[in-house]
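The chain contents come next:
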Amino acid sequence: CPSDERAVRIPRYVRVNTLLWTTREAIRYYTEKGFQISDPFSTNKAFAQDEHIPDLLLFNPRAQFHNDICYKTGKIILQDKASCFPATVLAPPSDEHGVVIDATAAPGNKTSHLSALMGGKGKLYAFERDKRRFSTLKTMLVKATCKNVEAVNVDFLSIDPLTPKYAKATHILLDPSCSGSGIVNRLDHLLETGKLLLTFQNEEQEERLNKLATFQLMMIKHAMKFPSAQKIVYSTCSIHATENERVVCEALKSEEAQKENFKLAPRKDVLPQWHRRGLREGLDSPEHASSLVRCSPDSDATNGFFVSCFVKGTQVTHSVD
Ligand code: SAM
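Residues numbered from 1 in each chain as written. Predicted model: local features only at pLDDT ≥ 70, side-chain atom pairs only at ≥ 80, totals over all residues. Heavy atoms only, no water.

Next up on the list: the packing of aromatic side chains. Taken as a whole and assessed by the stated rule, the structure comprises 16 aromatic pairs. When the centroid spacing of 5.3 Å and the interplanar angle of 75 degrees are considered together, the rings of Tyr 30 and Phe 59 count as edge-to-face. Of this pair, Tyr 30 sits in helix 1 (residues 23-32) while Phe 59 sits in strand 4 (residues 56-59); the two residues are 29 residues apart in sequence, bridging distant segments of the chain. Both residues of the pair, Tyr 30 and Phe 59, belong to the buried class. A centroid spacing of 6.4 Å and a plane angle of 70 degrees characterise the contact between Tyr 234 and Phe 306, whose relative ring orientation is edge-to-face. Within this pair, whereas Tyr 234 is found in strand 10 (residues 231-236), its partner Phe 306 is found in strand 13 (residues 305-312), the two being separated by 72 residues in sequence. (Phe/Tyr/Trp six-rings, centres within 6.5 Å; stacked < 30°, edge-to-face > 60°. Helix = DSSP H or I, 4+ residues; strand = E, 2+ residues; numbered from the N terminus. Buried < 20%, exposed > 50% of the residue type's maximum accessible area, 1.4 Å probe, protein only.)

This is the structure:
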(Lines give C-alpha, C1' and ligand atoms only; values in the text may rest on other atoms or scores of the structure.)
Protein backbone atom coordinates (compact mmCIF):
# COMPACT_ATOMS: atom_id res chain seq x y z
CA CYS A 1 0.00 0.00 0.00
CA PRO A 2 1.20 3.52 -0.64
CA SER A 3 2.63 4.91 2.59
CA ASP A 4 2.71 8.50 1.35
CA GLU A 5 0.29 10.57 -0.72
CA ARG A 6 3.12 11.32 -3.16
CA ALA A 7 3.18 7.61 -4.00
CA VAL A 8 -0.07 7.89 -5.99
CA ARG A 9 1.71 10.26 -8.36
CA ILE A 10 4.41 7.65 -9.07
CA PRO A 11 3.63 5.32 -11.99
CA ARG A 12 4.01 1.58 -11.50
CA TYR A 13 7.48 1.13 -12.97
CA VAL A 14 8.22 -2.19 -14.66
CA ARG A 15 11.73 -2.95 -15.90
CA VAL A 16 11.88 -5.44 -18.73
CA ASN A 17 14.45 -8.11 -17.96
CA THR A 18 16.29 -8.12 -21.28
CA LEU A 19 18.07 -11.35 -20.30
CA LEU A 20 14.75 -13.07 -21.08
CA TRP A 21 13.01 -10.97 -23.74
CA THR A 22 13.13 -7.61 -25.43
CA THR A 23 11.25 -4.45 -24.58
CA ARG A 24 9.54 -4.64 -27.97
CA GLU A 25 8.28 -8.14 -27.09
CA ALA A 26 7.09 -6.90 -23.70
CA ILE A 27 5.19 -4.01 -25.29
CA ARG A 28 3.53 -6.43 -27.72
CA TYR A 29 2.66 -8.79 -24.85
CA TYR A 30 0.98 -6.11 -22.73
CA THR A 31 -0.80 -4.67 -25.75
CA GLU A 32 -2.22 -8.13 -26.46
CA LYS A 33 -3.29 -8.32 -22.80
CA GLY A 34 -5.48 -5.23 -23.38
CA PHE A 35 -3.14 -2.43 -22.34
CA GLN A 36 -2.80 0.60 -24.62
CA ILE A 37 0.15 2.93 -25.15
CA SER A 38 -1.02 6.17 -23.59
CA ASP A 39 -0.46 8.43 -20.58
CA PRO A 40 -0.23 5.87 -17.73
CA PHE A 41 -2.36 8.08 -15.48
CA SER A 42 -5.21 8.29 -18.03
CA THR A 43 -6.71 4.83 -17.41
CA ASN A 44 -5.89 1.65 -15.49
CA LYS A 45 -5.01 -0.02 -18.80
CA ALA A 46 -2.62 2.66 -20.12
CA PHE A 47 1.15 2.25 -20.28
CA ALA A 48 4.17 3.98 -21.81
CA GLN A 49 7.87 3.53 -22.45
CA ASP A 50 10.17 5.63 -20.27
CA GLU A 51 12.02 8.45 -21.99
CA HIS A 52 15.28 8.03 -20.05
CA ILE A 53 15.51 4.27 -19.40
CA PRO A 54 14.63 2.41 -22.61
CA ASP A 55 13.85 -0.90 -20.88
CA LEU A 56 11.46 0.65 -18.39
CA LEU A 57 7.68 0.70 -18.82
CA LEU A 58 5.30 2.95 -16.92
CA PHE A 59 1.87 1.69 -15.88
CA ASN A 60 -0.95 3.18 -13.86
CA PRO A 61 -0.09 3.26 -10.12
CA ARG A 62 -3.10 0.97 -9.52
CA ALA A 63 -1.82 -1.71 -11.91
CA GLN A 64 -0.87 -4.90 -10.06
CA PHE A 65 1.75 -7.37 -11.26
CA HIS A 66 2.30 -9.76 -8.40
CA ASN A 67 0.09 -12.38 -10.08
CA ASP A 68 1.43 -11.65 -13.57
CA ILE A 69 3.24 -14.67 -15.00
CA CYS A 70 5.95 -12.33 -16.33
CA TYR A 71 6.63 -11.12 -12.80
CA LYS A 72 6.60 -14.66 -11.41
CA THR A 73 9.08 -15.87 -14.03
CA GLY A 74 11.48 -12.92 -13.77
CA LYS A 75 10.66 -11.44 -17.17
CA ILE A 76 9.73 -8.16 -15.51
CA ILE A 77 11.18 -6.55 -12.41
CA LEU A 78 9.26 -3.98 -10.36
CA GLN A 79 11.86 -1.29 -9.91
CA ASP A 80 11.49 2.45 -9.37
CA LYS A 81 12.77 4.59 -12.22
CA ALA A 82 15.41 6.34 -10.10
CA SER A 83 16.73 2.99 -8.97
CA CYS A 84 17.44 2.18 -12.63
CA PHE A 85 19.79 5.17 -12.92
CA PRO A 86 22.92 3.74 -11.22
CA ALA A 87 23.38 0.74 -13.53
CA THR A 88 22.56 2.92 -16.54
CA VAL A 89 25.21 5.48 -15.53
CA LEU A 90 27.77 2.75 -14.75
CA ALA A 91 27.23 1.41 -18.29
CA PRO A 92 29.09 -1.85 -17.61
CA PRO A 93 31.02 -3.63 -20.36
CA SER A 94 28.98 -6.14 -22.38
CA ASP A 95 31.73 -8.41 -23.67
CA GLU A 96 32.96 -11.70 -22.25
CA HIS A 97 36.04 -10.07 -20.65
CA GLY A 98 34.12 -7.52 -18.58
CA VAL A 99 34.60 -7.66 -14.79
CA VAL A 100 32.18 -5.68 -12.61
CA ILE A 101 31.50 -5.46 -8.88
CA ASP A 102 28.19 -4.69 -7.20
CA ALA A 103 29.51 -4.00 -3.71
CA THR A 104 26.20 -3.89 -1.81
CA ALA A 105 23.85 -6.03 -3.81
CA ALA A 106 20.74 -7.29 -1.97
CA PRO A 107 17.93 -7.58 -2.77
CA GLY A 108 19.46 -7.47 -6.25
CA ASN A 109 17.46 -5.11 -8.43
CA LYS A 110 20.53 -3.23 -9.55
CA THR A 111 22.55 -6.46 -9.79
CA SER A 112 20.02 -7.95 -12.19
CA HIS A 113 19.91 -4.67 -14.11
CA LEU A 114 23.73 -4.71 -14.43
CA SER A 115 23.65 -8.34 -15.52
CA ALA A 116 21.11 -7.45 -18.22
CA LEU A 117 23.18 -4.49 -19.43
CA MET A 118 26.18 -6.84 -19.61
CA GLY A 119 24.08 -9.12 -21.81
CA GLY A 120 24.72 -11.89 -19.29
CA LYS A 121 28.39 -11.90 -20.37
CA GLY A 122 31.64 -11.35 -18.48
CA LYS A 123 31.68 -11.57 -14.68
CA LEU A 124 29.66 -9.67 -12.12
CA TYR A 125 30.64 -10.14 -8.47
CA ALA A 126 27.77 -9.28 -6.15
CA PHE A 127 28.70 -8.76 -2.50
CA GLU A 128 26.21 -8.69 0.35
CA ARG A 129 27.17 -8.86 4.01
CA ASP A 130 23.77 -9.63 5.55
CA LYS A 131 22.97 -13.36 5.55
CA ARG A 132 19.20 -13.06 5.28
CA ARG A 133 19.36 -10.44 2.55
CA PHE A 134 22.00 -12.53 0.79
CA SER A 135 19.48 -15.35 0.52
CA THR A 136 16.92 -12.93 -1.00
CA LEU A 137 19.62 -11.85 -3.46
CA LYS A 138 20.32 -15.46 -4.49
CA THR A 139 16.59 -16.08 -5.08
CA MET A 140 16.33 -12.91 -7.17
CA LEU A 141 19.35 -13.84 -9.30
CA VAL A 142 17.93 -17.29 -10.05
CA LYS A 143 14.51 -15.85 -10.90
CA ALA A 144 16.04 -13.23 -13.22
CA THR A 145 18.42 -15.84 -14.77
CA CYS A 146 21.55 -13.78 -14.11
CA LYS A 147 24.07 -16.39 -15.19
CA ASN A 148 27.14 -14.15 -15.15
CA VAL A 149 26.75 -13.24 -11.46
CA GLU A 150 28.78 -14.73 -8.63
CA ALA A 151 27.11 -13.73 -5.37
CA VAL A 152 29.31 -13.66 -2.26
CA ASN A 153 28.05 -13.33 1.33
CA VAL A 154 30.80 -11.02 2.52
CA ASP A 155 31.51 -7.54 3.83
CA PHE A 156 32.84 -5.47 0.92
CA LEU A 157 35.21 -3.68 3.30
CA SER A 158 36.86 -7.01 4.14
CA ILE A 159 37.72 -7.76 0.49
CA ASP A 160 41.35 -7.25 -0.40
CA PRO A 161 41.27 -5.15 -3.61
CA LEU A 162 44.37 -7.01 -4.79
CA THR A 163 42.63 -10.41 -4.76
CA PRO A 164 43.43 -11.47 -8.35
CA LYS A 165 39.85 -12.05 -9.55
CA TYR A 166 38.47 -8.88 -7.99
CA ALA A 167 41.49 -6.80 -8.95
CA LYS A 168 40.35 -7.01 -12.57
CA ALA A 169 37.09 -5.15 -11.90
CA THR A 170 36.86 -2.02 -14.04
CA HIS A 171 33.35 -0.93 -13.00
CA ILE A 172 32.01 -0.78 -9.43
CA LEU A 173 28.48 -0.07 -8.26
CA LEU A 174 28.15 1.22 -4.72
CA ASP A 175 24.60 1.55 -3.42
CA PRO A 176 25.22 1.22 0.31
CA SER A 177 22.88 1.43 3.28
CA CYS A 178 21.45 4.91 3.68
CA SER A 179 18.71 6.66 5.62
CA GLY A 180 16.13 5.78 2.95
CA SER A 181 14.72 9.27 3.40
CA GLY A 182 13.83 9.53 -0.31
CA ILE A 183 11.49 6.56 -0.31
CA VAL A 184 7.86 7.62 -0.61
CA ASN A 185 6.21 4.39 -1.69
CA ARG A 186 6.37 0.98 -0.19
CA LEU A 187 8.69 -0.75 -2.60
CA ASP A 188 9.95 -2.95 0.17
CA HIS A 189 12.61 -4.48 -2.03
CA LEU A 190 14.35 -1.09 -1.99
CA LEU A 191 14.46 -0.82 1.73
CA GLU A 192 16.85 -2.08 4.26
CA THR A 193 14.99 -3.16 7.38
CA GLY A 194 15.44 -0.75 10.20
CA LYS A 195 17.18 1.89 8.16
CA LEU A 196 14.25 4.22 7.66
CA LEU A 197 14.26 7.55 9.40
CA LEU A 198 10.67 7.86 10.47
CA THR A 199 10.49 9.45 13.87
CA PHE A 200 13.98 10.71 14.60
CA GLN A 201 14.27 14.10 16.22
CA ASN A 202 16.58 16.59 14.51
CA GLU A 203 19.57 15.99 16.71
CA GLU A 204 19.26 12.23 16.60
CA GLN A 205 18.76 12.45 12.85
CA GLU A 206 21.89 14.51 12.38
CA GLU A 207 23.95 12.09 14.41
CA ARG A 208 22.50 9.14 12.47
CA LEU A 209 23.17 10.82 9.11
CA ASN A 210 26.74 11.62 10.09
CA LYS A 211 27.33 7.98 11.05
CA LEU A 212 25.90 6.81 7.74
CA ALA A 213 28.02 9.35 5.86
CA THR A 214 31.19 8.11 7.58
CA PHE A 215 30.36 4.56 6.52
CA GLN A 216 29.41 5.60 2.96
CA LEU A 217 32.68 7.51 2.55
CA MET A 218 34.63 4.49 3.79
CA MET A 219 32.92 2.35 1.16
CA ILE A 220 33.80 4.76 -1.69
CA LYS A 221 37.41 5.03 -0.54
CA HIS A 222 37.64 1.24 -0.43
CA ALA A 223 36.21 0.97 -3.96
CA MET A 224 38.85 3.43 -5.15
CA LYS A 225 41.57 0.98 -4.03
CA PHE A 226 40.63 -1.62 -6.67
CA PRO A 227 43.55 -1.29 -9.07
CA SER A 228 41.64 -1.66 -12.36
CA ALA A 229 38.62 0.41 -11.32
CA GLN A 230 37.90 3.00 -13.99
CA LYS A 231 34.39 3.93 -12.99
CA ILE A 232 32.61 3.93 -9.62
CA VAL A 233 28.94 4.84 -9.30
CA TYR A 234 27.83 5.85 -5.81
CA SER A 235 24.09 6.15 -5.20
CA THR A 236 21.64 6.50 -2.32
CA CYS A 237 17.89 6.72 -1.86
CA SER A 238 18.43 9.61 0.53
CA ILE A 239 17.46 13.24 0.04
CA HIS A 240 20.05 14.52 2.53
CA ALA A 241 23.15 16.36 1.28
CA THR A 242 25.02 14.82 4.25
CA GLU A 243 24.81 11.41 2.56
CA ASN A 244 25.08 12.72 -0.99
CA GLU A 245 26.97 15.85 -2.04
CA ARG A 246 28.95 16.01 1.23
CA VAL A 247 30.09 12.40 0.91
CA VAL A 248 31.10 12.97 -2.71
CA CYS A 249 33.08 16.09 -1.71
CA GLU A 250 34.96 14.21 0.99
CA ALA A 251 35.59 11.29 -1.37
CA LEU A 252 37.11 13.63 -3.98
CA LYS A 253 39.45 15.10 -1.35
CA SER A 254 40.50 11.69 -0.03
CA GLU A 255 43.99 10.28 -0.32
CA GLU A 256 42.56 7.38 -2.35
CA ALA A 257 41.01 9.71 -4.95
CA GLN A 258 44.13 11.87 -5.18
CA LYS A 259 46.39 8.85 -5.55
CA GLU A 260 44.35 7.33 -8.38
CA ASN A 261 43.22 10.65 -9.86
CA PHE A 262 39.51 9.97 -9.42
CA LYS A 263 37.31 12.84 -10.57
CA LEU A 264 33.60 13.26 -11.14
CA ALA A 265 32.44 12.21 -14.58
CA PRO A 266 31.12 15.18 -16.57
CA ARG A 267 27.40 15.74 -17.05
CA LYS A 268 27.52 14.41 -20.61
CA ASP A 269 28.30 10.94 -19.18
CA VAL A 270 25.82 11.05 -16.30
CA LEU A 271 22.26 11.03 -17.68
CA PRO A 272 22.76 14.41 -19.40
CA GLN A 273 19.11 14.65 -20.39
CA TRP A 274 17.92 14.35 -16.77
CA HIS A 275 16.98 17.80 -15.51
CA ARG A 276 17.60 17.64 -11.76
CA ARG A 277 21.24 17.89 -10.79
CA GLY A 278 23.17 18.01 -7.47
CA LEU A 279 22.74 20.69 -4.81
CA ARG A 280 25.36 23.39 -5.31
CA GLU A 281 25.21 24.46 -1.66
CA GLY A 282 26.25 20.99 -0.52
CA LEU A 283 29.49 21.17 -2.52
CA ASP A 284 32.91 22.78 -1.99
CA SER A 285 33.10 23.26 -5.78
CA PRO A 286 29.56 24.25 -6.87
CA GLU A 287 30.42 23.52 -10.51
CA HIS A 288 30.43 19.82 -9.57
CA ALA A 289 26.64 19.98 -9.18
CA SER A 290 26.10 19.42 -12.91
CA SER A 291 27.91 16.07 -12.67
CA LEU A 292 25.46 14.80 -10.07
CA VAL A 293 21.91 13.50 -10.46
CA ARG A 294 19.10 13.96 -7.98
CA CYS A 295 15.49 12.82 -8.08
CA SER A 296 12.92 14.70 -6.06
CA PRO A 297 10.12 12.65 -4.49
CA ASP A 298 7.91 15.76 -4.72
CA SER A 299 8.36 16.61 -8.39
CA ASP A 300 9.89 13.81 -10.43
CA ALA A 301 7.38 10.95 -10.10
CA THR A 302 10.11 8.81 -8.55
CA ASN A 303 11.44 8.14 -5.11
CA GLY A 304 14.08 10.57 -3.87
CA PHE A 305 17.44 9.45 -5.17
CA PHE A 306 21.06 10.53 -5.73
CA VAL A 307 23.65 9.30 -8.23
CA SER A 308 27.30 10.24 -8.67
CA CYS A 309 29.97 8.78 -10.89
CA PHE A 310 33.72 8.83 -10.26
CA VAL A 311 36.08 8.16 -13.14
CA LYS A 312 39.78 7.55 -13.03
CA GLY A 313 42.35 9.74 -14.65
CA THR A 314 40.36 11.93 -17.01
CA GLN A 315 40.35 15.67 -17.33
CA VAL A 316 36.88 17.01 -16.68
CA THR A 317 35.39 20.25 -17.92
CA HIS A 318 32.22 21.01 -15.98
CA SER A 319 29.38 22.76 -17.69
CA VAL A 320 27.57 25.37 -15.64
CA ASP A 321 23.77 24.91 -15.48
N1 SAM B 1 21.55 -2.25 -4.62
C2 SAM B 1 20.44 -2.96 -3.97
C3 SAM B 1 19.29 -3.07 -4.96
O4 SAM B 1 19.12 -2.19 -5.80
O5 SAM B 1 18.55 -4.05 -4.88
C6 SAM B 1 20.04 -2.26 -2.68
C7 SAM B 1 21.18 -2.12 -1.73
S8 SAM B 1 20.69 -1.64 -0.09
C9 SAM B 1 20.47 0.06 -0.24
C10 SAM B 1 22.24 -1.77 0.72
C11 SAM B 1 22.69 -3.20 0.94
O12 SAM B 1 24.07 -3.18 1.26
C13 SAM B 1 22.00 -3.89 2.10
O14 SAM B 1 21.51 -5.13 1.67
C15 SAM B 1 23.10 -4.07 3.13
O16 SAM B 1 22.96 -5.24 3.90
C17 SAM B 1 24.32 -4.15 2.24
N18 SAM B 1 25.59 -3.73 2.87
C19 SAM B 1 25.79 -2.72 3.73
N20 SAM B 1 27.08 -2.63 4.04
C21 SAM B 1 27.73 -3.59 3.36
C22 SAM B 1 29.09 -4.01 3.27
N23 SAM B 1 30.03 -3.38 3.97
N24 SAM B 1 29.39 -5.03 2.44
C25 SAM B 1 28.43 -5.66 1.73
N26 SAM B 1 27.12 -5.34 1.81
C27 SAM B 1 26.78 -4.32 2.61
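Every one of the 21 residues lining the ligand counts as a neighbour, but Lys 110, Glu 128, Arg 133, Asp 155 and Asp 175 are closest to it. Between the ligand and Pro 107, the relevant distance is 3.5 Å, taken from an oxygen atom to a main-chain nitrogen or oxygen of the residue. In the complex, the protein chains occlude 98% of the 600 Å² of accessible area that the ligand would expose alone. Among the secondary structure elements, those contributing two or more residues to the shell around the ligand are helix 4 (109-117) and helix 7 (202-223). Split by residue class, the shell around the ligand holds nine nonpolar, four polar and eight charged. (Near = heavy atom within 4 Å. Polar contact = N/O pair within 3.5 Å; in protein donor to acceptor, adjacent residues only side chain to side chain. Areas by Shrake-Rupley, 256 points an atom, 1.4 Å probe, with all protein chains shown as cover. Nonpolar A, V, L, I, M, F, W, Y, C, P; charged D, E, K, R; others polar.)

By size, the foremost hydrophobic cluster in this structure holds 43 residues, and its most contacted members are Phe 85 and Leu 137. Of all elements in the fold, only strand 4, helix 3 (85-90), strand 7 (123-128), helix 5 (131-143), strand 8 (149-153), strand 12 (293-295) and strand 13 reach the threshold of two or more residues within this core. If near-sequence neighbours (up to four positions away) are discounted, Phe 85 is found in contact with Ile 53, Leu 271, Trp 274, Val 293, Cys 295 and Val 307. (Core = buried A, V, L, I, M, F, W, Y, C linked by side-chain atoms within 4.5 Å. Contact = heavy atoms within 4.5 Å.)

Counting buried residues in helix 4 gives eight out of nine residues, a clear majority hidden from the surface. Every buried residue of helix 4 is accounted for by Asn 109, Lys 110, Thr 111, Ser 112, His 113, Leu 114, Ser 115 and Ala 116. Just downstream of helix 4 lies Gly 119, where phi reads positive at about 65 degrees.

What follows covers the pairing of strand 13. By the criterion of burial, strand 13 is predominantly enclosed, with eight of the eight residues buried. Alternating positions in strand 13 separate into two faces, Phe 305, Val 307, Cys 309 and Val 311 on one and Phe 306, Ser 308, Phe 310 and Lys 312 on the other, with burial throughout. Of the strand pairs in this sheet, strand 10 and strand 13 are connected by six bridges, and their pairing is antiparallel. Considered in strand 13, the bridge of Ile 232 is made with Phe 310. Looking at chain direction, strand 11 (residues 262-264) and strand 13 are connected through three bridges and run antiparallel. Each bridged residue has a counterpart across the sheet, and for Phe 262 the counterpart in strand 13 is Lys 312. Alignment of strand 12 against strand 13, held across three bridges, turns out to be antiparallel. Opposite Val 293, over in strand 13, you have Val 307 as the bridge partner. (Pairing = 2+ DSSP bridges.)

Time to look at the packing of helix 7 against helix 8 (residues 245-253). Between helix 7 and helix 8, the shortest axis-to-axis distance is 9 Å and the interhelical angle comes to 40 degrees. Comparing the axis directions of helix 7 and helix 8 gives the class oblique. Helix-helix and strand crossings are classified by hand; for helix 7 and helix 8 the assignment is right-handed. Of helix 8, the residues touching helix 7 (which contributes Ala 213, Gln 216, Leu 217 and Ile 220) are Val 247, Glu 250 and Ala 251. Looking at the contact of helix 7 with helix 8 residue by residue, the classes come out as five nonpolar, one polar and one charged. (Axes fitted to C-alpha atoms, helices over the stretch in contact; angles between N-to-C directions. Parallel < 35°, antiparallel > 145°, perpendicular 65-115°, else oblique. Left-handed = near helix turned anticlockwise from the far one by under 90°.)

What follows is about the pairing of strand 6 (residues 99-102). Neither face of strand 6 is left uncovered, since the one carrying Val 99 and Ile 101 and the one carrying Val 100 and Asp 102 both have all their residues buried. Alignment of strand 6 against strand 7, held across four bridges, turns out to be parallel. Each bridged residue has a counterpart across the sheet, and for Val 100 the counterpart in strand 7 is Leu 124. In this fold, the crossover linking strand 6 to strand 7 by way of helix 4 has right-handed handedness. Examined bridge by bridge, strand 6 and strand 9 (residues 171-174) share three bridges and lie parallel to one another. Residue Val 100 lies in a different strand from strand 9, and its bridge partner there is His 171. (Right-handed = clockwise from strand over helix to strand, strands pointing away.)

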